[in-house]
Amino acid sequence: AHSAAEDLCDELTPERVVAGKLRLALVTRAIKSLNPERQRLLMLYRIGGLPYLEIARITKRPFSTVRREIIRAIQELNEIVRIMSNETEDDHPDS
């Protein structure tokens, strides 16, 4: 029987590590392209793990505004990553 750590090592091929690093760089660039307010809200929500209500309290903004802006930030981020992924694939057509 394999341990969880051994299973993880089996899955971490050099190609997967490189692909993960490229994906991280892509997402980081995409986050930086968001406007500063959406970046902040997204970080509080996704990285900080805070609920909308707590973010609204911290930022002194209405709950509905916080919720709407976070949803829009996630949608925008997904779209930017999709576009950047397509551009990256276009740069490497044989991959």
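Structure: above.
1. Considering the side chain of Thr59
Right, so step 1: By the element assignment, Thr59 lies in helix α4 (residues 52–59).
Right, so step 2: There is a polar contact of 2.7 Å between the side chain of Thr59 and the backbone oxygen of Ile55.

2. Regarding the nonpolar core
Right, so step 1: In terms of nonpolar packing, the biggest core is built from ten residues, these being Leu26, Ala30, Ile31, Leu34, Leu42, Ala73, Leu77, Ile80, Val81 and Met84.
Right, so step 2: Elements that contribute at least two residues to this core include exactly α2 (14–33) and α5 (63–91).
Right, so step 3: The element best represented in this core is α5, accounting for five residues.
Right, so step 4: Residues contacting Met84, with those up to four places away along its chain left out, are Leu26, Arg29 and Ala30.
Right, so step 5: With six residues, the next largest nonpolar core counts Leu41, Ile55, Ala56 and Ile70 among its residues.

3. What about the pattern of salt bridges?
Right, so step 1: The full count for this structure, using the stated rule, is seven salt bridges.
Right, so step 2: In this structure, Glu69 engages Arg38 in a salt bridge whose closest nitrogen and oxygen atoms are separated by 2.7 Å. Linking Glu69 in helix α5 with Arg38 in helix α3 (residues 36–47), this pair joins segments that are 31 residues apart in sequence. No difference in accessibility class separates Glu69 from Arg38, as the two residues are buried.
Right, so step 3: The shortest N-O distance in the salt bridge between Glu76 and Arg38 comes to 2.7 Å. Here the residue Glu76 occupies a position in helix α5, and Arg38 occupies one in helix α3, the gap between them amounting to 38 residues.
Right, so step 4: A residue is classified by how much of its surface remains accessible, and Glu76, at 26% relative accessible area, is partly exposed.
Right, so step 5: Three or more residues joined by partner-sharing salt bridges are found here, namely Arg38, Arg68, Glu69, Arg72 and Glu76.

Rules and cut-offs
- Residues numbered from 1 in each chain as written.
- Predicted model: local features only at pLDDT ≥ 70, side-chain atom pairs only at ≥ 80, totals over all residues.
- Heavy atoms only, no water.
- Helix = DSSP H or I, 4+ residues; strand = E, 2+ residues; numbered from the N terminus.
- Polar contact = N/O pair within 3.5 Å; in protein donor to acceptor, adjacent residues only side chain to side chain.
- Core = buried A, V, L, I, M, F, W, Y, C linked by side-chain atoms within 4.5 Å.
- Buried < 20%, exposed > 50% of the residue type's maximum accessible area, 1.4 Å probe, protein only.
- Contact = heavy atoms within 4.5 Å.
- Salt bridge = Lys/Arg side-chain N within 4 Å of Asp/Glu carboxyl O.

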